[in-house]
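Each chain is listed here by its residues.
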Amino acid sequence: MPTIEQANNMSQSKISAGNVQVYYGDTHAIKDVSIEIRPQSVTAFIGPSGCGKSTFLRCLNRMNDTIASSRVEGRIEIDGENIYDPRVDPVRLRAKVGMVFQKPNPFPKSIYDNVAYGARIHGLARNKAELDDIVASSLQKAGLWEEAKDRLDEPGTGMSGGQQQRLCIARAIAVSPEVILMDEPCSALDPIATAKVEELIDELRENFTIVIVTHSMQQAARVSQRTAFFHLGVLVEEGLTQDIFTNPKDKRTQDYITGRFG
Ligand SMILES: Nc1ncnc2c1ncn2[C@@H]1O[C@H](COP(=O)(O)OP(=O)(O)OP(=O)(O)O)[C@@H](O)[C@H]1O
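Every value quoted in this text rests on a predicted model; they were computed, and no experiment measured them.

Undergrad: Any details on the overall build of the chain? Residues and values, ideally.
TA: Each helix and strand in the chain was counted, giving eleven helices and ten strands. Along the first, second and third principal axes, the C-alpha set of the chain runs to 55 × 45 × 40 Å. A burial count over the chain gives 42% of its 262 residues as buried. Taking contacts inside the chain between residues at least 6 apart in sequence as the whole, the part at least 24 apart equals 68%.

Structure below.
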């Protein structure tokens, strides 16, 4: 029987993972990880290099399927649906669970076409006017409309690094995802662009469930409501961000947040 708190956690979950193992060939990269991720909030994954944060993040939209040597075991459900069910189409899953990467990676296309790309593939617009609306509203939600509206035909790659990352966020938003996974989205950005993306993450959580991998504990503290600390492939502890940073339960978390390793 789950405790009342566990039951509450379960009923509030957007993503529920149980006993997840990930292997790369013989390397056991994720060891028995179970976690509940809440909707409309930001969950940060932190931990020293190589602890498995990105590997676990990639499990949540089956990006690991693209790595031949990787094998995922255990249970991962989004809205109660097993995302590893063979009937699930990974392309549709990745529209529902979008991803933003470490380095901004706009397509070598115009700003407009970068944002319109996924909407076209998934047939989300019936005509040009609807596509225009999707592009405009996605750029607005990504906080990029003012900077982009007069240069929609220019290449996305001609924007600054911070603008390119917000363009990639607009591209992810354009296919109406429910979850956005971010793998160190600010690591290639300067402090001003980082602050803009962090502000954006805070706004986006009203409408999306966000999971962010970050090397920066300050960033985790600024943007997330909950934090999960990974070490050597194990999820050591997960909880309210303020508790993890001020009153961690596990000595390994304490050592990491006080800079004793990592
Ligand atoms: N494509 C891959 N093939 C083989 N092993 C991999 C692959 N990707 C990751 N690993 C291994 O899995 C483990 C976890 O790596 P992962 O990149 O998930 O960690 P991380 O915590 O995100 O690290 P970092 O913070 O440095 O990005 C490491 O031992 C790593 O070497």
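Undergrad: Give me the lowdown on the sheet that holds strand 5 (residues 81-82), citing residues and values where you can.
TA: Reading across from one edge, 2-1-4-5 is the order of the four strands in this open sheet, with antiparallel pairing throughout. Edge positions in the sheet fall to strand 2 (27-37) and strand 5, since each has one partner strand and no second.

Undergrad: Kindly report on the UniProt feature "domain: ABC transporter" (unreviewed entry) in the chain, identifying the contributing residues and their values.
TA: Residues annotated in UniProt with the feature "domain: ABC transporter" (unreviewed entry) correspond here to residues 15-257. With 37% helix and 26% strand, residues 15-257 has its two end C-alpha atoms placed 26 Å apart.

Undergrad: Any chance you could break down helix 4 (residues 111-121) for me, citing the residues and the numbers?
TA: Within helix 4 the residues assigned to the buried category are Ile111, Asn114, Val115, Ala116, Gly118 and Ala119. Those residues of helix 4 that are buried lie in contact with helix 3 (90-96), helix 5 (128-141), helix 6 (145-148) and helix 7 (161-173). Looking at the residues trailing helix 4, positive phi occurs at Gly123, about 60°.

Undergrad: Explain the site of the ligand residue by residue, including any values.
TA: Around the ligand lies a shell of 14 residues, among which Tyr24, Ala29, Ser49, Ser54 and Thr55 are the nearest. When residues of the shell around the ligand are traced back to their parent elements, those giving at least two are strand 2 and helix 2 (53-59). It is helix 2 that provides the largest number of residues to the shell around the ligand, a total of three residues. Its residues assigned to classes, the shell around the ligand shows four nonpolar, nine polar and one charged.

Undergrad: Please provide a residue-by-residue account of helix 8 (residues 191-204), values included.
TA: In this model helix 8 runs 20 Å from its N-terminal to its C-terminal C-alpha over 14 residues, within 8% of the 20 Å that 1.5 Å per residue would give. Listing the buried residues of helix 8 in full gives Val197, Glu198, Leu200, Ile201 and Leu204. With its buried residues spanning 160° around the axis, helix 8 presents them on a single face. Turned more than 90 degrees from where helix 8 packs its buried face, Pro191, Ile192 and Glu203 sit exposed.

Undergrad: Give a description of the packing of helix 4 against helix 5 that names residues and reports values.
TA: Between helix 4 and helix 5, the least distance of the axes is 9 Å, while the angle of their chain directions is 115°. With respect to their mutual orientation, helix 4 and helix 5 come out roughly perpendicular. Helix-helix and strand crossings are classified by hand; for helix 4 and helix 5 the assignment is right-handed. For the pair helix 4 and helix 5, the contacting residues are Tyr112, Val115, Ala116 and Ala119 in the first and Leu131, Ile134, Val135, Ser138 and Leu139 in the second. Across the contact of helix 4 with helix 5, the residue classes break down as eight nonpolar, one polar and no charged.

Each value, and the rule that gives it
- Residues numbered from 1 in each chain as written.
- Predicted model: local features only at pLDDT ≥ 70, side-chain atom pairs only at ≥ 80, totals over all residues.
- Helix = DSSP H or I, 4+ residues; strand = E, 2+ residues; numbered from the N terminus.
- Buried ≥ 20, exposed ≤ 12 C-beta atoms within 10 Å, placed from the backbone.
- Contact = placed C-beta atoms within 7 Å.
- Pairing = 2+ DSSP bridges.
- UniProt positions renumbered as here; feature names shortened; annotations may be inferred.
- Near = placed C-beta within 6 Å.
- Nonpolar A, V, L, I, M, F, W, Y, C, P; charged D, E, K, R; others polar.
- Expected span 1.5 Å × (residues − 1).
- Arc of directions from axis to C-beta.
- Axes fitted to C-alpha atoms, helices over the stretch in contact; angles between N-to-C directions.
- Parallel < 35°, antiparallel > 145°, perpendicular 65-115°, else oblique.
- Left-handed = near helix turned anticlockwise from the far one by under 90°.

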